[in-house]
Amino acid sequence: MSARTDRTPLSRSFYDRPVLSVAPDLLGRTLVRRTGEGTIELRITEVEAYEGRLDPGSHAYRGRTPRNASMFGPPGHAYVYFIYGMWFSLNLVCGPEGTASGVLIRAGEITEGTELARKRRLSARNDKELAKGPARLATALEVTRVLDGTDLCGGPDDPLTVLTGTPTDPELVLSGPRTGVGGAGAHHPYRFWLAHEPTVSPYRAHAPRRRST
């Protein structure tokens, strides 16, 4: 891995590209979360791409709703959703406005603000588990629906920014099916992760949820 770390925020043009180009290109970048308690930085190690209306696995497949409205907005904004009544997930909107494509940030390595992340993730057995999975990542970074629609390309005091970070060797980028996605989108190889990276979450195939009687 290169020792150079670029602190320049990613530009809006970075996100204004096809989601399958943006997603693997986010690996190795630095996600910065600023809160009243302090700042946490995370090196992105795992992502998933969602192609909007072209993708049966996407929240936007059936069109715009109040829940997914941020996905239809300009690129370079956050889309945060609440899932299973328990967890939040952070997505980065990309592609031209109206395409509703986005990248789910699935996992990463906390590189700054570890103590603050530990306070929020008391059940983590070690630091590699602090942001190992989208729900854990959102908890560690205090990501909630309040951040939905946040501009990622704003100023240095804004709550979310993605920095250029350290370039990733393309040979270290792996891909495969997305975790927990069923139906027609189950086998799309839209999950990307860094090889030999212990913070990457384990793959789990979709398991249909039983309805209570």
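Report follows, based on the coordinates. Treat the numbers as computed from the prediction; the structure is a model and nothing was measured.

Secondary structure summary: the protein contains four helices and nine strands in total. In sequence order, the protein lays out its α and β elements as β-α-α-β-β-β-β-β-α-α-β-β-β. Computed over C-alpha atoms, the radius of gyration of the protein comes to 16 Å, within 12% of the 17 Å expected from 2.2 N^0.38 for 213 residues, which places it in the range of a compact globule. For the protein, the spread of C-alpha atoms along the three principal axes comes to 45 × 40 × 35 Å. Classification of the 213 residues of the protein by burial places 49% in the buried group. By sequence separation, contacts in the protein at least 24 residues apart represent 62% of the contacts at least 6 residues apart.

Before going further, it helps to examine the pairing of strand S7 (residues 160-165). Within S7, six of the six residues are buried, which leaves the element mostly enclosed by the surrounding structure. Direction of pairing for strand S1 (residues 6-9) relative to S7: antiparallel, over a ladder of two bridges. Bridging across to S7, aspartate 6 finds its partner in glycine 165. Both strand S2 (residues 30-34) and S7 contribute to a ladder of four bridges, which runs antiparallel. Across the sheet, the residue bridging to arginine 33 is leucine 160, located in S7.

We now examine the nonpolar core. Judged by nonpolar contacts, the single largest core of 39 residues is most densely connected at Leu26, Val47, Leu90, Val103, Ile105 and Leu141. Per-element tally for this core: the top contributor is strand S3 (residues 39-50), with five residues. Sequence-distant contacts of valine 103, defined by excluding residues within four places in its chain, comprise Val19, Val22, Ala23, Leu26, Val47, Glu48, Leu90, Asn91, Leu92 and Cys94. Residues Met71, Tyr81, Ala100 and Leu104 belong to the second largest nonpolar core, which totals ten residues.

Attention now moves to the packing of aromatic side chains. A complete count under the given rule lists three aromatic pairs for this structure. Relative to tyrosine 15, the ring of phenylalanine 14 lies with its centre 5.3 Å away and its plane at 85 degrees, an arrangement referred to as edge-to-face. A residue is classified by how much of its surface remains accessible, and tyrosine 15, at 0% relative accessible area, is buried. Ring geometry for phenylalanine 82 and phenylalanine 88: centres 4.6 Å apart, planes at 35 degrees, overall tilted. Lying across the ring of phenylalanine 14, arginine 17 places its NZ or CZ 4.6 Å from the centre. A cation over an aromatic ring shows up here: arginine 191 above the ring of tryptophan 193, its NZ or CZ 4.2 Å from the ring centre.

Let's shift gears to the environment of glutamate 115. Along the chain, the position of glutamate 115 falls in helix H3 (residues 114-120). For the pair glutamate 115 and glycine 102, spaced 13 residues apart in sequence, the C-alpha separation works out to 30 Å.

Another aspect to go through is the pattern of salt bridges. Inspection of the entire model under this criterion finds 18 salt bridges. In this structure, arginine 120 engages glutamate 37 in a salt bridge whose closest nitrogen and oxygen atoms are separated by 3.3 Å. Remark: glutamate 37 occurs in the loop between S2 and S3 and arginine 120 occurs in helix H3; sequence separation between them is 83 residues. We note a salt bridge from arginine 120 to glutamate 142, for which the minimum N-O separation is 3.6 Å. One end of the pair, arginine 120, is in helix H3; the other, glutamate 142, is in the loop between helix H4 (134-140) and S7, and 22 residues separate them in sequence. Residue classification places glutamate 142 among the partly exposed positions, given a relative accessible area of 33%. Among the charged side chains, a salt-bridge network with shared partners connects Arg33, Glu37, Lys119, Arg120 and Glu142.

Under the criterion given, the structure shown has zero disulfides. Cysteine 94 forms no disulfide, and the closest cysteine sulfur to it belongs to cysteine 153, at a distance of 12 Å. Using a relative accessible area of 1% as the deciding quantity, one classes cysteine 94 as buried.

Rules used in this analysis
Residues numbered from 1 in each chain as written. Predicted model: local features only at pLDDT ≥ 70, side-chain atom pairs only at ≥ 80, totals over all residues. Heavy atoms only, no water. Helix = DSSP H or I, 4+ residues; strand = E, 2+ residues; numbered from the N terminus. Rg over C-alpha atoms; globule rule 2.2 N^0.38 Å. Buried < 20%, exposed > 50% of the residue type's maximum accessible area, 1.4 Å probe, protein only. Contact = heavy atoms within 4.5 Å. Pairing = 2+ DSSP bridges. Core = buried A, V, L, I, M, F, W, Y, C linked by side-chain atoms within 4.5 Å. Phe/Tyr/Trp six-rings, centres within 6.5 Å; stacked < 30°, edge-to-face > 60°. Lys NZ or Arg CZ within 6 Å of the ring centre and 35° of its normal. Salt bridge = Lys/Arg side-chain N within 4 Å of Asp/Glu carboxyl O. Disulfide = S-S within 2.5 Å.

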